[in-house]
Amino acid sequence: MRPGTFVIVDLETTGLDYKLDRILEIGAVKLEDGRVTAEFQALIDPEVPLREANVAVHGISEAHIAGAPKLVEVLPAFLEFIGSAPLVAHNAQFDMNFLTHHAAETLRVTVENRALDTLAIAREVFPREKALSLERLLELFGEPPRPLHRALEDARSLALVFYRLLDLQDQRRDYQRSQFSRIDQVALRYRDLGRLIDLMQTEFKELRRTLEVYFEETQDDAIALPGGDVLRHLRNESHEFHPEETRAVLEHLGILERVQRIDREKLDRWIKGDRLTDEEKASILAARRFLGYRNVMSWERAASAAVVPAEA
């Protein structure tokens, strides 16, 4: 087992916005040299009414938190529990946003612990998996289903697979390091695959459009393919939601914050454009939060010296 101390952390909250919502429960498991040595669990009075949509997720009701301490009473004990150890969480940005914001707001304390995100590690280790929830992660490691969505149980579940996840990451990176001796060929292959994918996407769109025109003009709903397969044309209803009426319904249901999406690319265009004042642009920029760096590589074609960006 790995030497050192890690603290697996999970928070249950009253919502998804760390600036507007509150911490409802804290669960944590301390791992020292590969062994569980301590646990922390506390329900917290959020001092705001609970929404039915959130209660349906974690099952924490008003009855559970009746008489529970407030965050200002719980946080000092939790910060003492974690000390300076690295914190581990599944989708760590979510938990760290709540923890750092409320520690600063409640205690005027800065949380500087390093954070390890098992969701990011899992995406590296299982690149073909589209959804890597904690439930799916347990399944991939052959662990039986567990009652999740309570803080301590989630932390215990993640502790079960944490070291195995790190081991798989080490194995994958050892293989990748073994390729350093031929890194120029790896880079060449990466470039060629990127160009091939671009060409295939272009061809795919053209073929799809040809098929759409065929179905539109012939009114057929299927094409018999060599070998016996059939390509079927399905017509799905297209519709839109009235924005204000929909927002009102979702807000009434308590799920508005779960279905709203911010179009980052559109916001970037507004910020770079000339339709907003500098003050208005500054107000949008102030609402950003740092998530990390994105690596970008580019290639220059010898003939035209055109730069072709490729994200890594």
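Please refer to the structure higher up on the page.
Here the structure is a predicted model, which is why all the values come from computation and not from measurement.

Criteria and thresholds
- Residues numbered from 1 in each chain as written.
- Predicted model: local features only at pLDDT ≥ 70, side-chain atom pairs only at ≥ 80, totals over all residues.
- Heavy atoms only, no water.
- Helix = DSSP H or I, 4+ residues; strand = E, 2+ residues; numbered from the N terminus.
- Buried < 20%, exposed > 50% of the residue type's maximum accessible area, 1.4 Å probe, protein only.
- Contact = heavy atoms within 4.5 Å.
- Areas by Shrake-Rupley, 256 points an atom, 1.4 Å probe, with all protein chains shown as cover.
- Patch = residues over 30% accessible without salt bridge, like charges linked within 9 Å, V, L, I, M, F, W, Y side chains within 5 Å.
- Salt bridge = Lys/Arg side-chain N within 4 Å of Asp/Glu carboxyl O.
- Axes fitted to C-alpha atoms, helices over the stretch in contact; angles between N-to-C directions.
- Parallel < 35°, antiparallel > 145°, perpendicular 65-115°, else oblique.
- Left-handed = near helix turned anticlockwise from the far one by under 90°.
- Arc of directions from axis to C-beta.
- Polar contact = N/O pair within 3.5 Å; in protein donor to acceptor, adjacent residues only side chain to side chain.
- Pairing = 2+ DSSP bridges.

**Looking at the overall build of the protein**
Looking only at helices and strands, the protein has 12 helices and nine strands in total. Burial analysis of the protein (312 residues in total) assigns 30% to the buried set. Taking all contacts inside the protein whose residues are at least 6 apart in sequence as the whole, residues at least 24 apart take part in 58%. As displayed, the protein has an accessible area near 21500 Å², and 53% of this comes from carbon and sulfur atoms.

**Quick word on a nonpolar patch on the surface**
A cluster of nonpolar side chains, L193, L196, I197 and M200, forms an exposed patch at the surface whose accessible area comes to about 350 Å². Tracing the backbone through its elements, the reader meets L196 in helix α8 (residues 183-218). Of the residues examined, L196 reaches a relative accessible area of 42% and is grouped as partly exposed.

**Observations regarding the pattern of salt bridges**
Within the structure shown, the criterion is met by 15 salt bridges. Put simply, R136 and E129 hold a salt bridge, and the shortest N to O gap is 2.8 Å. You can call R136 partly exposed: its relative accessible area is 24%. Residue E129 is classed as partly exposed on the basis of its relative accessible area of 26%. Linking R136 and E139 is a salt bridge whose minimum nitrogen-to-oxygen distance equals 3.1 Å. Here E139 and R136 lie together in helix α6 (residues 134-140), a separation of three residues that amounts to about one turn. Exposure remark for E139: the relative accessible area of 53% places this residue in the exposed category. One connected set of salt bridges, linked through shared partners, spans E39, R146, E153 and R156.

**Considerations on the packing of helix α11 (residues 264-272) against helix α12 (residues 278-285)**
Direction vectors running N to C along α11 and α12 enclose 150°, while the axes themselves pass 9 Å from each other. When the axis of α11 is compared with that of α12, the two are roughly antiparallel. For the crossing formed where α11 meets α12, the hand is left-handed. Mapping the contact onto sequence places L267, W270, I271 and K272 in α11 and K281, I284 and L285 in α12.

**Quick notes on helix α5 (residues 118-125)**
For α5, the full list of buried residues reads T118, L119, I121, A122 and V125. Looking down the long axis of α5, one finds its buried residues gathered within 160° of arc, a one-sided arrangement. Tucked inside the fold, the buried residues of α5 contact β4 (87-89), β5 (115-117), α6 and α7 (151-178). Capping the start of α5 is the job of one residue whose side-chain oxygen sits 2.9 Å from the backbone nitrogen of L119: D117.

**Concerning the pairing of strand β1 (residues 5-13)**
If a strand is regular, its side chains alternate between the two faces of the sheet. Most of β1 is tucked away, with eight of its nine residues classed as buried. Across nine bridges, β1 lies against strand β2 (residues 23-32) in antiparallel orientation. Residue pairing in the sheet places F6 in a bridge with L31 of β2.

**A word on the pairing of β2**
Counting buried positions along β2 gives nine out of 10 residues, so the element sits mostly inside the fold. Examined bridge by bridge, β2 and strand β3 (residues 35-43) share eight bridges and lie antiparallel to one another. Bridging across to β3, I26 finds its partner in A42. Hairpin connection from β2 to β3: two residues lie between these consecutive antiparallel strands, with D33 at a positive phi of about 50°.

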